[in-house]
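A structural walkthrough
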Amino acid sequence: MIIDQATNKTSYKDDKVSEKPVRSIAKAVSWRVVGTLDTLIVSYFLTGELALATSIASVDFVTKMILYFFHERVWNGIKWGR
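All right, on to the overall build of the protein chain then. A count of helical and extended segments in the protein chain gives 2 helices and 2 strands. For the protein chain, the sequential pattern of α-helices and β-strands runs β-β-α-α. Relative to its 82 residues, the protein chain shows a buried fraction of 21%. Once local pairs closer than 6 in sequence are excluded, the contacts in the protein chain between residues at least 24 apart make up 53%.

Right, here's the structure in full:
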């Protein structure tokens, strides 16, 4: 394992504990598909308009996927509970 002595961080290649960013992206996308379907159904139920529900779900998909990615990256750096 290669450790940068100045920052005490390992490279992704050698670190078997933390997730690579691409895994966080895959998890974010898969979770957002589930969450967006939920938002679409709830929005349609509340508005009765498919076009409006689709618009709401689309914005929700993009914004929450970005937020989830950064949330995962922050939590990946926290040692608590490992």
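And the narrative resumes.
Quick look at the packing of aromatic side chains now. Geometry of an aromatic ring pair is reported as the spacing of the ring centres plus the angle between the planes. Counted under the stated rule, the structure contains 2 aromatic pairs. Summarising the aromatic geometry, the rings of F69 and F70 are spaced 5.2 Å apart at their centres and angled 80° between planes, so their arrangement reads as edge-to-face. Among the residues examined, F69 registers a relative accessible area of 21% and is labelled partly exposed. Ring geometry for W75 against W80: centres 6.3 Å apart, planes inclined by 55°, an arrangement best described as tilted. Judged by relative accessible area, W75 falls into the partly exposed class, the value being 41%. By relative accessible area, which is 69% here, W80 ends up exposed.

Pairs can form between side chains of opposite charge once their charged atoms are near each other. Summed over the entire model, instances satisfying the criterion amount to 3 salt bridges. Ionic pairing is found between K27 and E72, a salt bridge with its closest N-O pair at 3.1 Å. Note that K27 is positioned in helix 1 (residues 21–47) and E72 in helix 2 (residues 50–76), a separation of 45 residues in sequence. Using a relative accessible area of 26% as the deciding quantity, one classes K27 as partly exposed.

Within the fold, I41 resides in helix 1. Counting along the chain gives 13 residues from I41 to T54, while the straight-line C-alpha distance between them is 9.2 Å.

Across its 27 residues, helix 2 extends 38 Å between first and last C-alpha, which sits within 8% of the 39 Å expected from 1.5 Å per residue. Listed in full, the buried residues belonging to helix 2 are A53, A57, D60, Y68, E72, R73 and N76. Close packing links the buried residues of helix 2 with helix 1.

Below, the discussion takes up the confidence of the model for the protein chain. Detailed conclusions should not be drawn from predicted coordinates in areas where pLDDT is low. Averaged over the protein chain, the pLDDT score is 83; the fraction of residues at 70 or greater is 80%. The spread of mean pLDDT over the elements of the protein chain runs between strand 1 (residues 3–4), the lowest at 55, and helix 2, the highest at 91.

What counts, and where the lines are drawn
Residues numbered from 1 in each chain as written. Predicted model: local features only at pLDDT ≥ 70, side-chain atom pairs only at ≥ 80, totals over all residues. Heavy atoms only, no water. Helix = DSSP H or I, 4+ residues; strand = E, 2+ residues; numbered from the N terminus. Buried < 20%, exposed > 50% of the residue type's maximum accessible area, 1.4 Å probe, protein only. Contact = heavy atoms within 4.5 Å. Phe/Tyr/Trp six-rings, centres within 6.5 Å; stacked < 30°, edge-to-face > 60°. Salt bridge = Lys/Arg side-chain N within 4 Å of Asp/Glu carboxyl O. Expected span 1.5 Å × (residues − 1). pLDDT = per-residue confidence, 0-100.

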